[in-house]
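Breakdown of the fold
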Amino acid sequence: MTTTLRPAEPEQTWRGGVRARRYTICVNGRPVGETTLCTDARFGPETGRIAALRIENDQQRRGRGTVAALAAEEVLRDWGCRRIEVSVRSGETGAFRLARTLGYTERNRNMLKALPDAPPALPEGSEPRAMTAAEFPAWLARMQDEYVRSWTLRGVPEAQARAKAEADHRSALPGGPATPGTVLRVLRAGGEDVGDLWVGRRDTDDGEPAGYVYNVQVEAGHRGRGHGRTLMLVAEGACVADGLHWLGLNVFAGNDPALRLYESLGYRTTHVHFAKPLL
């Protein structure tokens, strides 16, 4: 049997100059599903995405999705893409199996927690304070450098990672520390600054307002003492005080200590993001 992708519409240009097109998945000329392919606004035209892939119910478990995904890779190669990405919702076990079968590796995941009605108590001796305007520039430069390093370690070219870091920080902090909805806190414990926290706003998939932990950092000499957990409780308290009911975050693959911390605090995975080089 021959599986092909047949264009279902003219090529589209989405917001941010993203190149996109929807295809019908055909087996011996008969439609059995569809897929949507696009480039990535965050990383530029050399990164492609399988934005959607659906196989009809009566055609599933016959390898249609696997062959269609491989055909999608060929299309994206023809577009000049050198890397491909796919995002899988938690619970979509078939999509998880397909991604791993085709050699995709987990890059990062999104997590979400329903917040309590009252702010959580902090450990005795731990006290958050507002980050000062004088501290902000050095903090921002450090955040950008660490953000770039996180992406380059996962195969993103440095120039693309740097452009993404600058664009993301401009978008999330247009007004610097005075950006509405932004929480920048420094944690003091034992009379010392031991870490810092950045929380902003980002809606859930259902469109409900939520807090989002953009970064939580414990100073190297103070790690392993529970300060990361305390900073997360500070984030939850700030969101509860602001009337928010959800708090989300991102964790990169390989950061097992952070993942264990978030799971112990009640965060659940909502999406896992995979990537693969197109050789």
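Scroll up for the structure.
What counts and what doesn't
Residues numbered from 1 in each chain as written. Predicted model: local features only at pLDDT ≥ 70, side-chain atom pairs only at ≥ 80, totals over all residues. Heavy atoms only, no water. Helix = DSSP H or I, 4+ residues; strand = E, 2+ residues; numbered from the N terminus. Contact = heavy atoms within 4.5 Å. Lys, Arg positive; Asp, Glu negative; His and termini not counted. Charge placed at Lys NZ, Arg CZ, Asp CG, Glu CD. Phe/Tyr/Trp six-rings, centres within 6.5 Å; stacked < 30°, edge-to-face > 60°. Buried < 20%, exposed > 50% of the residue type's maximum accessible area, 1.4 Å probe, protein only. Arc of directions from axis to C-beta. Axes fitted to C-alpha atoms, helices over the stretch in contact; angles between N-to-C directions. Parallel < 35°, antiparallel > 145°, perpendicular 65-115°, else oblique. Left-handed = near helix turned anticlockwise from the far one by under 90°. Expected span 1.5 Å × (residues − 1).

Details of the overall build of the chain
- Check the secondary structure of the chain and you find six helices and 13 strands.
- Dimensions of the chain, computed from the C-alpha atoms along their principal axes, are close to 70 × 35 × 30 Å.
- Sequence separation of 24 or more characterises 62% of the internal contacts of the chain that already satisfy a separation of 6 or more.
- If the 38 positive side-chain charges of the chain are averaged to one point and the 34 negative ones to another, these points end up 6 Å apart.

A word on the packing of aromatic side chains
- All chains considered together, the criterion is met by nine aromatic pairs.
- Between Tyr147 and Trp151 the ring centres are 6.1 Å apart and the planes differ by 85°, which places this aromatic pair in the edge-to-face class. Taken together, the residues Tyr147 and Trp151, both in helix H3 (residues 136-152) and four residues apart, mark about one turn of the helix.
- Residue class for Tyr147 comes out partly exposed when judged on its relative accessible area of 22%.
- An angle of 20° between the planes, with centres 4.5 Å apart, marks the rings of Trp198 and Tyr214 as stacked. Highlighted residues: Trp198 in strand E10 (residues 192-201) and Tyr214 in strand E11 (residues 211-218), separated in sequence by 16 residues.
- Overall, the relative accessible area of 4% leaves Trp198 in the buried class.
- Through a chain of ring-to-ring contacts, the aromatic side chains of Phe136, Trp139, Trp198, Tyr212 and Tyr214 assemble into a single cluster.

As for helix H2 (residues 93-101)
- If you check which residues of H2 are buried, you get Phe96, Leu98 and Ala99. Angular distribution of buried residues about the axis of H2 spans 165°; they occupy a single face of the element.
- For H2, the secondary structure elements touched by its buried residues are helix H1 (64-78), strand E6 (83-89) and strand E13 (268-277).
- Positive phi appears at Gly103, one or two residues downstream of H2, with a value of about 90°.

Thoughts on the side chain of His222
- Along the polypeptide, His222 turns up in the loop between E11 and helix H5 (227-241).
- Setting aside residues up to four positions removed in sequence, His222 forms contacts with Glu192, Asp193, Val194 and His227.

Focus: unusual backbone geometry
- Of note in this structure, Asn28 is not a glycine but carries a positive phi near 55°.
- As for its placement among the helices and strands, Asn28 is situated in the loop between strand E3 (18-27) and strand E4 (30-40).
- Phi is positive for Arg61, which is not a glycine, with a value near 65°.
- Its place among the elements puts Arg61 in the loop between strand E5 (44-55) and H1.
- With a relative accessible area of 80%, Arg61 lands in the exposed category.

Some points on the environment of Arg149
- For Arg149, the location among the structural elements is in helix H3.
- Separated by 36 residues in the primary sequence, Arg149 and Arg185 place their C-alpha atoms 23 Å from one another.

Topic: the packing of H3 against helix H4 (residues 158-172)
- Two numbers describe how H3 lies on H4: the axes approach to 9 Å, and their chain directions differ by 135°. Judged on the interaxial angle alone, H4 and H3 are oblique. Viewed along their axes, H3 and H4 form a crossing whose handedness is right-handed. Here H3 contributes Leu140, Met143, Gln144, Asp145, Tyr147, Val148, Trp151 and Thr152 to the contact with H4, which in turn contributes Glu158, Ala161, Arg162, Lys164, Ala165, Glu166, Asp168 and His169.

Details of H1
- Taking 1.5 Å as the rise per residue, H1 with 15 residues should run 21 Å; its terminal C-alpha atoms sit 21 Å apart, in good agreement.
- Within H1 the residues assigned to the buried category are Arg64, Gly65, Ala68, Ala69, Ala71, Ala72, Glu73, Val75 and Leu76.
- At the C-terminal side of H1, Gly80 shows a positive phi close to 95°.

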